[in-house]
Amino acid sequence: MQMPEPDREMIARREDIASGLRKILGPKGVVADPEAMSVFESDGLNGYRQTPLAVALPANTAEVAATLRYCNENGIKIVPRGAGTSLSGGALPLEDGVLLALGRMNAILEIDYDNRAVTAQPGVTNLAITHAVEGKGFYYAPDPSSQIACSIGGNVAENSGGVHCLKYGLTTNNLLGIELVTMDGEILRLGGKHLDAGGYDLLGVMTGSEGLLGIVTEVTVRILQKPATRKAVLIGFDSALSAGEAVGAIIAEGIIPAGMEMMDNPAINAAEDFVSAGYPRDADALLIVELDGPEAEVDILTDRVAGIVRARGATTIRVSQTEEERELFWAGRKTAFPAIGRISPDYLCMDGTIPRRQLPEMLSRMSRMSQQFGLRVANVFHAGDGNLHPLILFDANTPGELERAEEFGAAILKACVELGGVLTGEHGVGVEKRDLMGEMFSEDDLKQQQRLKCAFDPDHLLNPGKVFPVLHRCAELGRLHVHHGQLPHPDLPRF
Amino acid sequence: MRRGQGSAAPVLAVVDVKELKDALAETVASRTRLELCAKGSRRHLGRPVEAEKVLDISALNGITNYEPDELVLMAKAATPLAEILKTLDEAGQMLAFDPPLGAETIDEAKGTIGGVLATNLSGPRRMVAGAARDYLLGFQAVSGRGESFQSGSRVMKNVTGYDLSKLMAGSFGTLAVMHDITIKTMPKPQDASSLVCFTDTAASAQKLIRDAFASPYEPSSAAIVPADLLIFSRVEGVRDAGEKGVAAIIRIEGFDISVRDRVSGITRVLDSPQQPLCLGGEDSDLLQMELRETLLLPRQTNRVIWKISCPAAAGGVLLDRLTSRPNSLGYADWGGGLIWLNHPEGGDAGAEIIRGMLSEYGGHATLYEASENIRRLVPVFHPQPAALHDLTRRVKASFDPLGLLNPGRMYEGV
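Remember, predicted model here, so these are calculated numbers, not experimental data.

(A) The overall build of chain A, seen in detail. Helix and strand counts for chain A come out as 18 helices and 19 strands. Projected onto the principal axes, the alpha-carbon positions of chain A cover approximately 70 × 60 × 55 Å.

(B) Just the sheet that holds strand E2 (residues 34-37) of chain B, in detail. Residue and element names in this part refer to chain B. The strand order across the open sheet built from three strands is E1-E3-E2, with neighbouring strands paired in parallel fashion. Sheet topology places strand E1 (11-13) and E2 at the edges, where each strand pairs with a single neighbour. Geometrically, the sheet is characterised by an average inter-axis angle of 25 degrees between neighbouring strands, direction not taken into account. With four bridges connecting them, E2 and strand E3 (residues 53-56) associate as parallel partners. Paired with Cys-37 across the two strands is Asp-56, which belongs to E3.

(C) Expanded view of the interface of chain B and chain A. At the interface, 75 residues of chain B touch 80 residues of chain A. Contributions of two or more residues to the side of chain B that touches chain A are made by helix H1 (17-30), strand E8 (148-152), helix H5 (164-168), helix H6 (202-213), helix H8 (256-270), strand E18 (364-369) and helix H13 (386-399) of chain B. Here the side of chain B that touches chain A gets eight residues from one element, more than from any other, and that element is H13(B). Its residues assigned to classes, the side of chain B that touches chain A comprises 33 nonpolar, 25 polar and 17 charged.

(D) Spotlight on the environment of Ala296(A). For Ala296(A), the position within the fold is in helix H11 (residues 295-311). Ala296(A) sits in the buried class, given 21 other C-beta atoms within 10 Å. For the pair Ala296(A) and Glu323(A), spaced 27 residues apart in sequence, the C-alpha to C-alpha distance is 17 Å. Not counting chain neighbours up to four residues away, the residues in contact with Ala296(A) comprise Ile257(B), Ser258(B) and Asp261(B).

(E) Highlighting the domain arrangement of chain A. Residue and element names in this part refer to chain A. On domain assignment, one finds that chain A holds domain 1 (8-101), domain 2 (108-225), domain 3 (229-337) and domain 4 (344-428). Taking only C-alpha atoms into account, the centre of domain 1 sits 23 Å from that of domain 2. The interface is formed by 14 residues belonging to domain 1 together with 22 residues belonging to domain 2. Considering each element in turn, the side of domain 1 that touches domain 2 owes the most residues, seven residues, to helix H3 (residues 61-73). When its residues are assigned to classes, the side of domain 1 that touches domain 2 shows seven nonpolar, six polar and one charged.

(F) Fine view of helix H12 (residues 323-334) of chain A. Residues and elements named next belong to chain A. The first and last C-alpha atoms of H12 sit 16 Å apart over twelve residues, in line with the 16 Å expected at 1.5 Å per residue. Looking only at H12, the buried set comprises Phe-329, Trp-330, Gly-332 and Arg-333. Buried residues along H12 cover an arc of 150 degrees about the axis, so they all sit on one side. Turned more than 90 degrees from where H12 packs its buried face, Glu-323 and Glu-324 sit exposed. Of the surrounding elements, those touching the buried residues of H12 are strand E12 (229-237), strand E13 (259-264), helix H10 (265-275), strand E14 (285-293), helix H13 (336-343) and strand E18 (377-382).

(G) Up close: unusual backbone geometry. All names here are of chain B. One non-glycine residue, Glu-218, adopts positive backbone phi at about 45 degrees. Summarising the element assignment, Glu-218 is placed in the loop between H6 and strand E12 (221-225). The phi dihedral of Ala-349 falls on the positive side, at around 60 degrees, and the residue is not glycine. Inspection of the secondary structure puts Ala-349 in the loop between strand E17 (338-343) and helix H11 (351-359). Overall, Ala-349 belongs to the buried group, with 21 C-beta atoms counted inside 10 Å.

(H) Structural context of the packing of H10(A) against H13(A). All names here are of chain A. Look at H10 against H13: their axes get within 8 Å of each other, and the N-to-C directions meet at 90 degrees. For the element pair H10 / H13, the angle class is roughly perpendicular. Of the residues in H13, those in contact with Ala-267, Ala-270, Ala-271, Asp-273 and Phe-274 of H10 are Ala-336, Pro-338, Ala-339, Ile-340, Arg-342 and Ile-343. Its residues assigned to classes, the contact of H10 with H13 comprises nine nonpolar, no polar and two charged.

(I) Spotlight on the sheet that holds E8(B). Spatially, the five strands line up as an open sheet ordered E4-E5-E9-E7-E8 (chain B), and their pairing is antiparallel. Each of the sheet's edge strands pairs with one partner strand only, and the pair in question is strand E4 (63-67) and E8 of chain B. Strand after strand, the sheet turns through a mean of 15 degrees between neighbouring axes, direction not considered. Taken together, the five bridges between strand E5 (residues 72-76) of chain B and strand E9 (residues 176-184) of chain B define a ladder with antiparallel strand orientation. Of the residues in E9(B), the one forming a bridge with Val72(B) is Lys184(B). The strands touched by helix H17 (residues 443-456) of chain A within the sheet are strand E7 (136-143) and E8 of chain B, with E8(B) carrying the most contacts at an inclination of about 75 degrees. Against the sheet, H1(B) makes contact with E7, E8 and E9 of chain B, and its axis sits at roughly 145 degrees relative to E9(B), the strand it touches most.

(J) Representation of the packing of H11(A) against H8(B). Contact pair H11(A) / H8(B): the axes reach a minimum separation of 8 Å and the direction vectors enclose 170 degrees. It follows from the interaxial angle that H11(A) and H8(B) lie roughly antiparallel. Contacts between H11(A) and H8(B) pair Ala296(A), Glu297(A) and Ile300(A) from the former with Ile257(B), Ser258(B) and Asp261(B) from the latter. Among the residues making up the contact of H11(A) with H8(B), the classes are represented as three nonpolar, one polar and two charged.

(K) Spatial organisation of the nonpolar core. Within the largest apolar cluster, 275 residues are counted, with the highest numbers of intra-cluster contacts made by Leu287(A) and Ile392(A). Looking at this core, the element that brings in the most residues is H6(B), giving seven residues. Residues in contact with Ile392(A), not counting those within four places in the same chain, are Tyr347(A), Leu348(A), Met350(A), Leu375(A), Val377(A), Ala405(A), Phe408(A) and Gly409(A).

Cut-offs applied
- Residues numbered from 1 in each chain as written.
- Chains lettered and ligands numbered in written order.
- Predicted model: local features only at pLDDT ≥ 70, side-chain atom pairs only at ≥ 80, totals over all residues.
- Helix = DSSP H or I, 4+ residues; strand = E, 2+ residues; numbered from the N terminus.
- Pairing = 2+ DSSP bridges.
- Axes fitted to C-alpha atoms, helices over the stretch in contact; angles between N-to-C directions.
- Contact = placed C-beta atoms within 7 Å.
- Nonpolar A, V, L, I, M, F, W, Y, C, P; charged D, E, K, R; others polar.
- Buried ≥ 20, exposed ≤ 12 C-beta atoms within 10 Å, placed from the backbone.
- Domains from an automatic or database assignment.
- Expected span 1.5 Å × (residues − 1).
- Arc of directions from axis to C-beta.
- Parallel < 35°, antiparallel > 145°, perpendicular 65-115°, else oblique.
- Core = buried A, V, L, I, M, F, W, Y, C linked by C-beta atoms within 7 Å.

Okay, here's the thing in structure tokens:
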């Protein structure tokens, strides 16, 4: 992975920059010793490592603003980092950039049950929000699988999802407001406890912007009343095609399950070996359909789902009878990644989305590719919303296998786009999928996105080298192709 | 083309995307400022546009793809809203964000899907189902630079690149001309019921709503309506309940057995001294339509209507305060989070007082309906702090550097 050419002069100024940062953040707020910085070398995409120029650990918004102002004035690049769980390398440091780690800002600032809103600093973990409110029967809906560790600020940066997106949406649909600091040190508030933006929906733009537009220093999310009842239905099929049809039929019946997950045979067996959840080992595809809500509704829906899948040839149908059983049904799915980790020395987790009806085609292409690349693949799939997580199994100690696995992964993502889907459903582009952006977007599409970036960060100091395969200077991006005549108002500031 | 504002600007009508692109390229070359228009039904929203020409995109219409079991619909941006809603209805689906139709029935719905999205208008279900912006999955557009671009896709889980769909929704055509859109559809609830509970003040109605939402019975919307507006309802029993004070209206939707069960559950939770009125399907739908279409506000010419977004729990108190001022009438939707206020026309139409009061709670107030003259004089959109306004200008310039698309529609000079 090619990163922007580091600025050697900047690297030579490390001591100078560290002492500049210490003046702002105090001795505890800066790490510049290469050995101490090693814990910050990578995020969840741990094949890539880089020691940053220095690590800044601000304790509050004012310190973030002062740090950004200092870096902006000195032309120093910034890479923001939450809990470092990104699977796409969003928090991969730059050799000539300051890593801005927000972990010290980890307080829940306000719980407002009347408005069903929680305000937290960016370093608070996703699960900590639910823990803070569950005593009163509330929870925070988006539940990425890293929720025990990932930070809410990182969730905003990546627009994180989880297994309940079909019914409850992604981060962007559950976010009410943020405080952010722009690269020039301005502190802005977008949204709050009210709904909708008064002007442009910059809150929506910030969500999923992967740390390229601003630093989120405070987050307000909506919390929901916990459903009265939850039941999971475990369904086995002897063909992935029937399973895919059943998913479509459930939605066509007007049922929006809280979660609808699919696993293929290799994933079923790896999970069953690991947690003995009672999955049917001979099934070609397994569906877990979770229904939640008032008890009367859940009872009706459970019966309907059972009827629909029976009519489509389900070979196993089990409805959870207790909360323990429901959790057991989920245990295999939730531990699918570590379960795969037991049967293969290494694996790559991909994250494409396809229109759901393309699933059979996608699975058959994947099995052809598996033979072509000589690597096994197991699939877990957010079936309700079309988000695929193929796990490519390989051994990094065998020369050439990592490269083959990466090529296999890229081929899968290209197929996702060919079938009408996208490169990433919830993990983000980061560095991992950066060079594939051209598969999905034209040059003009990407330039327009970068122009928006220029409106926030005209010098490309925030997280450069992520998301966009080619960095264009803002002045160049702003140039207009005018056929005749001059631009009006030449005195107006433009890019 | 329907003319909403007596504008005499010449009309530039395009028949397809190629013509649209050519027209915008020519516009950039000649620096012609354009007002975007299809059916013109939402032209009264926002500030009056200062433009030399009207760009009519109404020929860019038609549903291009609809897959109900994938919950996705694609259409040309100027497809009539009525056509979209009828197509969804036949498949048992809906737009979950429940946009105001400018009409009582879906057959008569005014305007286009592009107009609904560009203005980010959402109805009573917004508080649980999300806004128009939450349902725009992707789009294709031509920017104010005359360049085609697209963002998003047809799948609902997508984080590839910036989420420009959010930015386009609610941008009032000031950034780019959307010509193709992809939206997420949702199943229509099988049954619905509205509980109407009477109490003495909006603030106490607010408490009933809070309790309903803290229960496990999942209401789908809630409104607060004072007696002096209930009389405008066509629903029997609601209209005649004028003596009874302020109504908390709580809607429950879903599968029939579930709705019955939850209605009795909420009735128990509310423990109201007066037995709530329970409206069945048709009456419930009629009342919710009246709330969505602001039909409970007095119908008069030159009326001024404010759309005030505030934290839901503050809605009752704020509504009591706002409506205690002379000749001010209003009700709250979105569980208190949206106040519709009818205000006398004089002076600044109440802008300073309303926005001042709102600043104690947080939120924004938009001048939703007013004469062209007032909309020119009074900031229609909530004024922004300086740093945010500067960023807004830069965002506008990143799509439309010459300020050619709907200039001044949202803010003066933007």
